[in-house]
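Listed below are the residues making up each chain.
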Amino acid sequence: MRTRSMAALLPHVSRPVFRKQSPAAIQVMTDWPDIVGPHLASMTVPRRLSAGTLTVGCRGPVAMELQHLAPTVIARINTTCGQGVVRRLKMVQDLTAPPRPSTPPPRRQPPPAPVQIDDMPDGPLKDALSRLGGWLTAPRGPKPR
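Now for a quick tour of the structure. From a predicted model like this one, the values you see are computed outputs, not experimental measurements. (Residues numbered from 1 in each chain as written. Predicted model: local features only at pLDDT ≥ 70, side-chain atom pairs only at ≥ 80, totals over all residues. Heavy atoms only, no water.)

## Topic: the overall build of the protein chain
Within the protein chain one finds five helices and three strands. Across the protein chain, helices and strands are ordered from the amino to the carboxyl terminus as α-α-α-β-β-α-β-α. Looking at the protein chain as a whole, 29% of its 145 residues are labelled buried. Split by element, the accessible area of the protein chain, about 11,100 Å² in all, is 60% carbon and sulfur. (Helix = DSSP H or I, 4+ residues; strand = E, 2+ residues; numbered from the N terminus. Buried < 20%, exposed > 50% of the residue type's maximum accessible area, 1.4 Å probe, protein only. Areas by Shrake-Rupley, 256 points an atom, 1.4 Å probe, with all protein chains shown as cover.)

## A closer look at the packing of helix 3 (residues 32-41) against helix 4 (residues 62-81)
At a closest axis distance of 9 Å, the pairing of helix 3 and helix 4 adopts a crossing angle of 155°. Here helix 3 is positioned roughly antiparallel relative to helix 4, judged by the angle of their axes. Helix 3 and helix 4 meet at a crossing whose hand is right-handed. Along its contact with helix 3, which presents Trp32, Asp34, Ile35, Val36, His39 and Leu40, the element helix 4 presents Val62, Glu65, Leu66, Leu69, Val73, Arg76, Ile77, Thr80 and Cys81. In the contact of helix 3 with helix 4, the residues fall into 10 nonpolar, two polar and three charged. (Axes fitted to C-alpha atoms, helices over the stretch in contact; angles between N-to-C directions. Parallel < 35°, antiparallel > 145°, perpendicular 65-115°, else oblique. Left-handed = near helix turned anticlockwise from the far one by under 90°. Contact = heavy atoms within 4.5 Å. Nonpolar A, V, L, I, M, F, W, Y, C, P; charged D, E, K, R; others polar.)

## Remarks on the pattern of salt bridges
For the structure shown, the criterion picks out one salt bridge. Residue lysine 126 pairs with aspartate 122 through a salt bridge whose shortest N-O separation is 3.0 Å. Classification of lysine 126 as buried rests on a relative accessible area of 13%. Given the relative accessible area of 70%, aspartate 122 is considered exposed. (Salt bridge = Lys/Arg side-chain N within 4 Å of Asp/Glu carboxyl O.)

Here it is in structure tokens:
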């Protein structure tokens, strides 16, 4: 048996996969939150990329917002995946798209009291380490009732 390099084997392995979906389409699907940001990614799902048209599943009135942002979204996709990958967005109502979060994000807790550092000269480094020590020694988890 003759040994072959990975570079020689890769086209034979990847060709069937890339016939079904292009590498650019796969990258759009996997990098969607990074491309459009968390706000739009929480309400939209990329469904299909074909002939330069990206079909995006949306919930409710998000399609209108996405239509107004289409030039920006297309530019960001093309910057990430290569020029000319997407030329047009097609929005479809999709009940399986992620819903808008119904609960508000948790409130930030107030900073804990800084720890006392006695064997260090006063200054910004001592202040920063003191505050960091407060966070590290603060109790974690929900407060007992």
